[in-house]
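Topology and contacts: notes
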Amino acid sequence: MAERSVRAKDPVPEDMPGGVPRDLPGGVELYHLRPDGGILLADREGRRELGPEREFLRFIDDGQFAHYLVGDAATSPERPSNATVKLGVVGPRSAFTPHAHGGEHFVLSLGHAACGLYDEARARVVDVPLAPGMLIRIPEMMPHSFANRADVPLTILAANTGYGIDHEDYAITAAEAERRASAPVGGPGGHTALAAGALTDHRALAAALRDIERAQRVHGIAATTVRERLAARLRRMATALEVPR
């Protein structure tokens, strides 16, 4: 599915500085990532709000969305752009299906999130809470799942080396790892060489991903604390002062 182009006739949100669009040089885009999870885009042609109804692609799971800034869904080692960079919107109180990427992964959280990671050396799942402005680096093929702890949409900025979401090694889930583990080694659908050239033990990968799934079922998605909810309210107030309507 291709991303739809933006049109100047789209509704103009009022919480982007009014003088910005007409002052921008041609080709320059300005994004306002709001504390309530909204994303506004301004350029020489006008201002509009990005949302799931347009300019977004499905992002691993239903209800999660992505908008590419660098590369596209078809990026791969055979069709490289070196990396993909995209805005993602994670639904309230939701988490991605646990998965692993063929390339390393960077995620900047602009809200209250959490990242469940499988620590292979200690053979256990570690849950890392993230506050607005925290960026996490996840090595290639490390099982993980990203969650939104808040009750409003979460905006993230995600960068992956080498892979777009259409590539078979972009997000390998437990079910996919189990399918590959049951295929002949070296045969179609079997163990494959990934970005770093290393062979993957898909049986072990599937077991680690199932551990994260169990942790999600048992513990659920952690809630935001009273302090975090107060901070979010103050952040929205600060944004209203910094970006007047």
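Residues numbered from 1 in each chain as written. Predicted model: local features only at pLDDT ≥ 70, side-chain atom pairs only at ≥ 80, totals over all residues. Heavy atoms only, no water.

**Section: the overall build of the chain**
- Broken down by element type, the chain carries four helices and 14 strands.
- In the chain, 67% of the contacts between residues at least 6 apart in sequence involve partners at least 24 apart.
- For the chain, the exposed area adds up to about 12,700 Å²; of that, 55% sits on carbon and sulfur atoms. (Helix = DSSP H or I, 4+ residues; strand = E, 2+ residues; numbered from the N terminus. Contact = heavy atoms within 4.5 Å. Areas by Shrake-Rupley, 256 points an atom, 1.4 Å probe, with all protein chains shown as cover.)

**Some details on the nonpolar core**
- In terms of nonpolar packing, the biggest core is built from 13 residues, with Val107, Cys115, Leu130, Ile136, Phe146, Leu154 and Ile156 touching the most fellow members.
- Among the secondary structure elements, those contributing two or more residues to this core are strand 9 (113-119), strand 11 (135-138) and strand 13 (154-161).
- Here Cys115 is in contact with Val126, Asp127, Val128, Leu130, Ile136, Ile138, His144, Ser145 and Phe146, once residues within four sequence places are set aside.
- Listed in part, the eight residues of the second largest apolar core include Ala100, Met141, Ala177 and Ala206. (Core = buried A, V, L, I, M, F, W, Y, C linked by side-chain atoms within 4.5 Å. Buried < 20%, exposed > 50% of the residue type's maximum accessible area, 1.4 Å probe, protein only.)

**Concerning helix 2 (residues 174-182)**
- Every buried residue of helix 2 is accounted for by Ala174, Ala177, Arg180 and Ala181. The arc that holds the buried residues of helix 2, viewed along the axis, is 125°, so those residues lie on one side. (Arc of directions from axis to C-beta.)

**Details of the environment of His202**
- Looking at the secondary structure, you find His202 in helix 3 (residues 202-219).
- On the basis of relative accessible area, His202 is assigned to the buried category, the value being 0%.
- Here the alpha-carbon distance between His202 and Ala177, two residues 25 residues apart in the chain, equals 5.0 Å.

**Here's the deal with unusual backbone geometry**
- For Arg93, which is not glycine, the phi torsion reads 50° and is therefore positive.
- As for its placement among the helices and strands, Arg93 is situated in the loop between strand 6 (83-90) and strand 7 (99-100).
- On the accessibility criterion, Arg93 (38% relative accessible area) is partly exposed.

**As for the sheet that holds strand 2 (residues 39-43)**
- As summarised here, the arrangement of the three strands in space is 1-2-3, forming an open sheet in which the pairing is antiparallel. Two strands in the sheet have a free side with no partner beyond their single neighbour: strand 1 (30-33) and strand 3 (46-50). Averaged over all pairs of adjacent strands, the angle between strand axes in this sheet comes to 20°, irrespective of strand direction.
- Pairing of strand 2 with strand 3, which is carried by five bridges, proceeds in the antiparallel orientation. (Pairing = 2+ DSSP bridges. Axes fitted to C-alpha atoms, helices over the stretch in contact; angles between N-to-C directions.)

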